[in-house]
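Read off the chains here:
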Amino acid sequence: MKGKNNKILTETGSVALKEKRKFRLSFLGVYAILIYLFLYIPLFVVVMFSFSSTKSTVAFSSFTLHWYVQLFKDTGLMQSLLHSVQVSLIAVLVAIVIGTSGAFFLVRANFPGKRLFMTLSQLPLILPGIIVGIALLIFFINLKVSLSMFTILIGHIAFTTPVIMFQVASRLQRLGRTYEDAARDLGANPIKAFFLVTLPMIKTAIIGGGLLAFAISFDEIIITYFLTGTWTTLPVFIYGMMRFGLSPQVYAISTIILILSFVVIFFMAKFTGTKAEETKR
Amino acid sequence: MSIATKEKLKKSSNTYRERKPRSYIMGIPISIWLFIIVIIPVVFMFIMSFKLKSGYEITNILTFKNYLDFFKKPTYWKILLRSFRMAFTVSITAILASYPLAYFISRKLKKFRNLFYMMIITPLWVSYLIRIIAWRTILGNKGLLNSLLINIGITKEPLEFLLYNQVSVVIALTYIAIPFVFIPLYTSLEKIPDNLINAARDLGANEFNTFISVILPLSAPGLFTGFMLSFIVALGDYIIPQQLGGTGGIMFGNIVWSQFGTASNWPQGSALGFILFFIAAVVLALTQKFGSREGILAE
Amino acid sequence: MNAKNSKYQIKLVDITKRFEEVIAVNNVSINIKKGEFFSLLGPSGCGKTTTLRIIAGLENATSGSIILGGKDVTNVPAYRRDINTVFQDYAIFPHMSVYDNIYFPLKMRKISKKEAHPKIERVLRLVNMNGFGHRYSHQLSGGQRQRIALARALVNEPQALLLDEPLGALDFKLRVAMQTALKDIQKDLGITFIYVTHDQTEAITMSDRIAVMRDGITHQIGTPDEIYNKPSTPFVASFIGEMNFLEGKAIKVSPKSIEVKISDFKVYCKKDEYKISTGEDVLVSVRPEKVYINSAEKLPNEIESRLTRIVFRGDDYEITTAFGGFELRSVVDFKGWDKSHKLGGIIKVGWELEDAKVFPIEMKKDIIKYG
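All values derive from a computational prediction rather than experimental measurement.

1. Focus: the overall build of chain C
Within chain C, the secondary structure is distributed over 9 helices and 20 strands. Each principal axis of the C-alpha atoms in chain C carries an extent, and together these give about 75 × 45 × 40 Å. In chain C, which comprises 371 residues, the share counted as buried stands at 40%. A fraction of 67% describes how many contacts in chain C between residues 6 or more apart in sequence connect residues 24 or more apart.

2. Focus on the sheet that holds strand β4 (residues 63–68) of chain C
All names here are of chain C. The strand order β2-β1-β4-β5 describes an open sheet built from 4 strands, whose pairing is antiparallel. With partners counted over all chains shown, the strands left at the sheet margins are β2 (22–33) and β5 (71–72), one partner each. Across 2 bridges, β4 lies against β5 in antiparallel orientation. The residue bridging Ile67 from the neighbouring strand is Asp72, located in β5.

3. Section: the interface of chain B and chain A
The interface is formed by 74 residues belonging to chain B together with 74 residues belonging to chain A. In terms of residue count, the dominant contributor to the side of chain B that touches chain A is helix α2 (residues 23–48) of chain B (16 residues). Split into classes, the residues belonging to the side of chain B that touches chain A amount to 47 nonpolar, 17 polar and 10 charged.

4. Examining the packing of helix α3 (residues 98–108) of chain C against helix α4 (residues 113–126) of chain C
All names here are of chain C. Axis separation between α3 and α4 bottoms out at 10 Å; the angle between their running directions is 120 degrees. The pairing of α3 with α4 is recorded here as oblique in orientation. The handedness of the crossing between α3 and α4 comes out as right-handed. Together, Tyr99, Ile102, Tyr103 and Leu106 of α3 and Lys113, Ala116, Lys119, Ile120 and Val123 of α4 make up the contact between the two elements.

5. A word on the sheet that holds strand β17 (residues 316–323) of chain C
Residue and element names in this part refer to chain C. Strand order in the open sheet formed by 5 strands is β15-β19-β16-β17-β18, and the pairing between neighbours is antiparallel. Every other strand in the sheet has two partners, leaving β15 (292–293) and β18 (326–333) as the edge strands with one partner each. Judged from the 8 bridges that link them, β17 and β18 form a sheet pairing that is antiparallel. Bridged to Thr321 within β18 is Leu328.

6. Here we look at the environment of A:His156
Residue and element names in this part refer to chain A. Looking at the element boundaries, His156 is found in helix α6 (residues 149–175). Along the backbone, His156 and Gln122 are 34 residues apart, and their C-alpha atoms lie at a distance of 14 Å. Residues within four places of His156 in sequence aside, it is in contact with Val87, Ser88, Ala91, Ser217 and Glu220.

7. Some remarks on the domain arrangement of chain C
All names here are of chain C. By domain assignment, chain C separates into domain 1 (3–237) and domain 2 (238–366). For domain 1 and domain 2, the distance between their C-alpha centres works out to 38 Å. Counting from both sides, the interface comprises 10 residues of domain 1 and, opposite them, 11 residues of domain 2. Put simply, the parts of the chain that give the side of domain 1 that touches domain 2 at least two residues each are α8 (224–229) and α9 (234–239). For the side of domain 1 that touches domain 2, the leading source of residues is α9, giving 4 residues. The residue inventory of the side of domain 1 that touches domain 2, partitioned by class, reads 8 nonpolar, 2 polar and no charged.

8. Overview of the packing of helix α3 (residues 75–108) of chain A against helix α10 (residues 234–243) of chain A
Residue and element names in this part refer to chain A. Where α3 contacts α10, the axes come no closer than 7 Å and their chain directions differ by 145 degrees. Between α3 and α10, the contacting residues are Gly76, Leu77, Ser80, Leu81 and Ser84 on the first element and Leu234, Val236 and Phe237 on the second. Here the residues of the contact of α3 with α10 sort into 5 nonpolar, 3 polar and no charged.

9. A closer look at the environment of C:Tyr195
Residues and elements named next belong to chain C. Summarising the element assignment, Tyr195 is placed in strand β8 (residues 192–197). Separated by 164 residues in sequence, Tyr195 and Phe359 have C-alpha atoms that sit 29 Å apart. Once you skip the residues sitting within four places of it in the chain, Tyr195 turns out to touch Phe37, Phe38, Ser39, Leu163, Met206 and Ser207.

10. Thoughts on α3(C)
All names here are of chain C. Of the positions making up α3, those classed as buried are Val98, Asn101, Ile102, Tyr103, Phe104, Pro105 and Leu106. Buried residues in α3 make contact with β6 (83–86), α4 and α5 (142–154). Note on α3: the residue one or two positions beyond its end, Lys110, has a positive phi of about 65 degrees.

11. So, unusual backbone geometry
Phi at A:Lys144 is positive, roughly 60 degrees, even though this residue is not glycine. With respect to the helices, strands and loops of the structure, A:Lys144 is situated in the loop between α5 (129–142) and α6. Judged by the 6 C-beta atoms lying within 10 Å of it, A:Lys144 is exposed. The backbone phi angle of C:Glu165 is positive, close to 40 degrees, even though this residue is not glycine. By secondary structure assignment, the location of C:Glu165 is in the loop between β7 (160–164) and α6 (172–189). Classification of C:Glu165 as buried rests on a count of 21 C-beta atoms within 10 Å.

12. Some thoughts on the nonpolar core
Ranked by internal contacts, the top residues of the largest apolar core, which has 237 residues, are A:Leu136, B:Ala172, B:Ala177, C:Ala151 and C:Ile194. It is helix α8 (residues 166–191) of chain B that provides the largest number of residues to this core, a total of 16 residues. Not counting residues within four places of it along the chain, the set of residues in contact with B:Ala172 comprises B:Ile132, B:Trp135, B:Ile240 and B:Leu244. The next biggest cluster of nonpolar side chains, apart from the first, holds 22 residues, and it includes C:Ile258, C:Ile262, C:Val284 and C:Val349.

13. Comments concerning the confidence of the model for chain C
Considering every residue of chain C, the mean pLDDT works out to 90; 98% of them sit at 70 or more. With a pTM of 0.82, the predicted complex shows an ipTM of 0.82.

14. Regarding the pairing of strand β13 (residues 265–270) of chain C
Residue and element names in this part refer to chain C. In terms of strand pairing, strand β12 (residues 257–262) meets β13 through 6 bridges, oriented antiparallel. Each residue of the ladder has a partner; that of Ile258, found in β13, is Cys269. Here β12 hands over to β13 after 2 residues, with Ser263 in that stretch at a positive phi of 55 degrees.

15. Things to note about the pairing of β4(C)
The buried fraction of β4(C) amounts to 5 of the 6 residues, a majority that puts the element mostly inside the structure. Connecting the antiparallel pair β4(C) and β5(C) is a turn made up of 2 residues, with C:Gly69 showing a positive phi of about 55 degrees.

16. Considering the environment of A:Gly245
Residues and elements named next belong to chain A. Summarising the element assignment, Gly245 is placed in the loop between α10 and α11 (248–272). You can call Gly245 exposed: it has 10 C-beta atoms within 10 Å. Expressed as a C-alpha distance, the spacing of Gly245 and Ile256, which sit 11 residues apart in the sequence, is 19 Å.

17. Some thoughts on the confidence of the model for chain B
All names here are of chain B. Overall, the prediction assigns chain B a mean pLDDT of 81, with 85% of residues at 70 or greater. The secondary-structure element of chain B with the lowest mean pLDDT is helix α1 (residues 3–14), recorded at 43, while α2 shows the highest, at 91. Predicted confidence for residues 295–299 stays below pLDDT 50, and this span has 14 contacts to residues more than four positions away or in other chains.

Conventions and cut-offs
- Residues numbered from 1 in each chain as written.
- Chains lettered and ligands numbered in written order.
- Predicted model: local features only at pLDDT ≥ 70, side-chain atom pairs only at ≥ 80, totals over all residues.
- Helix = DSSP H or I, 4+ residues; strand = E, 2+ residues; numbered from the N terminus.
- Buried ≥ 20, exposed ≤ 12 C-beta atoms within 10 Å, placed from the backbone.
- Contact = placed C-beta atoms within 7 Å.
- Pairing = 2+ DSSP bridges.
- Nonpolar A, V, L, I, M, F, W, Y, C, P; charged D, E, K, R; others polar.
- Axes fitted to C-alpha atoms, helices over the stretch in contact; angles between N-to-C directions.
- Parallel < 35°, antiparallel > 145°, perpendicular 65-115°, else oblique.
- Left-handed = near helix turned anticlockwise from the far one by under 90°.
- Domains from an automatic or database assignment.
- Core = buried A, V, L, I, M, F, W, Y, C linked by C-beta atoms within 7 Å.
- pLDDT = per-residue confidence, 0-100.

Given below as C-alpha cells:
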C-alpha cells in the first residue's frame, strides 16, 4: 500500500522513504568509503614501501624482501622485540589477576565513592601518556629505583589493568548474581561456585580483555619511553630509528607489527563476541 | 515454647553477625594497585612541582614559582592556548569525519556491521607510531603526496606547508582521534531503539526531522564523550608535534617533555605536567557528568 | 525438642531484614508443615522474595531465626541447607549441558556420575524432559528451561523446595498447565513447596495455606478458603478477588451483629474480631458474588440501588449499581440475569448477614487500589 510521500509499509513494519532513501544511502555510503580510505591508505603506504627496493618514498620501486631480511640480522631490533613480548605478556598476566579481582570488587561490593574509584582506575589508560610517564618517573626516582625492565613493567601494568577490569566488570554486571546464587543454593561453597560457575562464564571477557591489553601494551611508546633505561622495547627502538630518518627497515618492522596486531585484535573480537554459551536469557 | 528454647533461639540470633562479603577481600589487589600506581605517583608529582631546580640540585623548599612562571612566561601559556585551539580543531574534524560514518554503520548497515566497526577501531589499539610514520611518508617534501601532485601536474614544486607545521599535526592527530570519537558515538547511536525512529516516522517526520529531533539529541552524550576523549588525546600528545610539527607545530606536550629532556628542569616539568593533568581531570569530570555513561571502555 | 516443634518442618521466628533504611521484612513469623504447599502472596515489594531468600540462605536476616527440621539453620550458609530454589529467571548454567546442570547438585554432594545417572534420568522423566540431556540452555524454550530448573532443584530430594514466581514469564495457557503439573509433582513427591507469587488466583488454586504479605508484614496466614471468605484486613479483602467497600456509621452493636447506617439505609453485618463501638465510623465489605439482585428470598439487607453498568463476561454478568454515593458490584449468573432491566432503573440489591464484614474506618487506607 502506498501513502503520502511514497511511503511504503515494508514487511518489517518500518516505514521507508523509497526514493529519498536510495539517494541518502549512497551519499552516506560514499562518505563512509572515503573515511575508510583515509584511515587505511596511510597504513597501506607503509606496507607498500616495506617491499620497495629503494629508500625513496617518492614512488614504489621493484618488489623486494631485502628489508625484512635485514631486520632479522639486526640484533638490537630482535632483542627489543623479545623484550616487548616479555613485558606485554607479564604485564597482561598481572593485570588479569588485579583486574579480575578488581572487577568483582567493583560490581559486587558495596562501598561509597564507587564513581571516584572508577574514575581513578581509568586514569592510567585515559590520561595522556606524558602525564602517566612523568608521574611514574618521578615516583621511581623518589624511591631511588633505577630505570629497567621492572619500571617499564610497572608502567604497563598501570594501563593494562583498567582494560581488563572494565571488560570483566561489564560482563559480570551483565550476568548478574543469579547464577552464583543458584550454585550456592544447590550446594556449592563459595570457592566451588566461583571456579565451576562464575569463572567459566567470564572466561572470554578475561581472554578478550587480555588480548586487547596485550595489543595496547605491545604498541605503547610514550609511557615506556619515560621509564626506559638501557633495556628497551620495540616501539622505543623504532622511535630511535626514526630519529635518523625513515629507513625501509622501519617500514618492514611496521608492517610486521601491523599484521600481528590485526591478528591479535581479530582473535580478541572473536572472544568477546557473544557466544551462545555466554548469553544470558 | 519453653523459656529454655526461647533463650536458645535468642542466643543464636545474637551471635548472628553480618558476614562480610567475600567481595571486599577482592578489593585488596586493586586498592594496592590504585595506591601505588595512581595515588602516590600523582602526589609525588604534585610535590615535585613545588620544588625548585638550582644548578644540578633540586631544592626542598616548596614554592609556587613554577606555577607562577607558567603564567608569566608567554611561551608557556601561549602554546597551551594554541594547543587548546588545535585540540579543538582536531576534535571537531574527528566528529565531522566520524558521525556520518557511525550513523551509516549503526543505522544503515545490516550485514557485516561488526566487521566494519572493528575496521575502524582496530587502528586505535595498534600502530600509533606506525601511523605517524605513515603521515611523515605521505606529507614530506620528498613524500608521497607531493610527488603525486607534481607528477599529476597540479604543482611544480613540493608544497612546503604540508609538513612541519600545525596543519600536518592536526591531520595526524585527527587520524589518531577518529577511533576515540567513533566508539562512544557509535555505542550511543546503536542504543537508540528502532521503535523511537518508527514512532517519529509514524507521526510524520521525514528522515531529516527524525535526525534532528530524535537521533541527534539522543546521541548527544556519546558525542560529548567522544569530543572530550579526542580533546584529551590531542592536547596531551607530544610525539606527533615533534615528528610532524617542526618548529611551528609545537604543542604543550612538547614543552612539558622538554623539561625532562634537554632543559632538565623536573620541578618545572612537573608543574606543567600537573596543569595538563588538572585540565584532563576537569575534562574527564565533565565527561562523567554530561557524557554517555560508559565512556570508551564500554564492551 | 518438644513435641510442638516437630509439628512444623520449617519455622520462621521473628524474621526481620533491613536494607539500609528500608525494612523489607518486618518481624515475620511463619510455621510451615511438612509436605505443605505454602504460598507467600503479595504485591511487588511486599518482602515475599526477600523472605524466600532468607529461608534459602541466600540472604542473612538482620534478626530472627530459622528452624528447619528441628534444627536452627540461621547461621548455616545456603550451600549446606537442605533446601533448593527454583529461580525466577531459572538460572540454568549456560556453559553446562542440561545433564551437567542436573548433575551439579549431586556433584556437590560428592556423588559419582555413575550413581547419579539413574537419579538424573528419573527426574528428567518427572518433568517430561527425558532425552534433553545433551542440550544447552540457549537451545531450550522458556517453559523447557523452567522444567530443567525444577528438575535440578529436585534431584537431591531436598527437605523443601522454594519457588520464586517460577511461572511469571510464561504465557497464560502454559502457565495454567504448569500450575497443574507443579501441583501434581508436589503431591507425588510429598516435598514441602514454598511458593512466591503475586498472582492471587495462582496462590488460591495451588496452595494448602497462604501467607498474604504487604510492606514486609504478614496480614493473614490461612487456607485459601479462610483468606477468601474471612479476610482479616481490608488489604487482604481487596487484594484477593473482587470486593465491595461501603462506609457508614455503627448505630447498634450486638453480641453477634452490628447495625450500620450507610447513607439512608440500615444494614446488618457480622461481628468479627474488631472492636467496634456505637457511633464509630466503619468500613463494610461484601463480595460481589454475594450481592444478590432482586432476590426471591427475604434478605436481612436490602437496598434500592440505581443500575449504572452491565458488563457481559461470558459465563456471567458484572452488574454495577449506585446508591448514596457508593458503588456496588454484583456478579449474576448468565441465566439469572433479567435482561429487561434498563440502565438508570432502580433495582433491589441485597446480601446475607454473614457475608458482610466490618472494619474500623482507619483501615480504609489499607485497601489496595489499581489505576
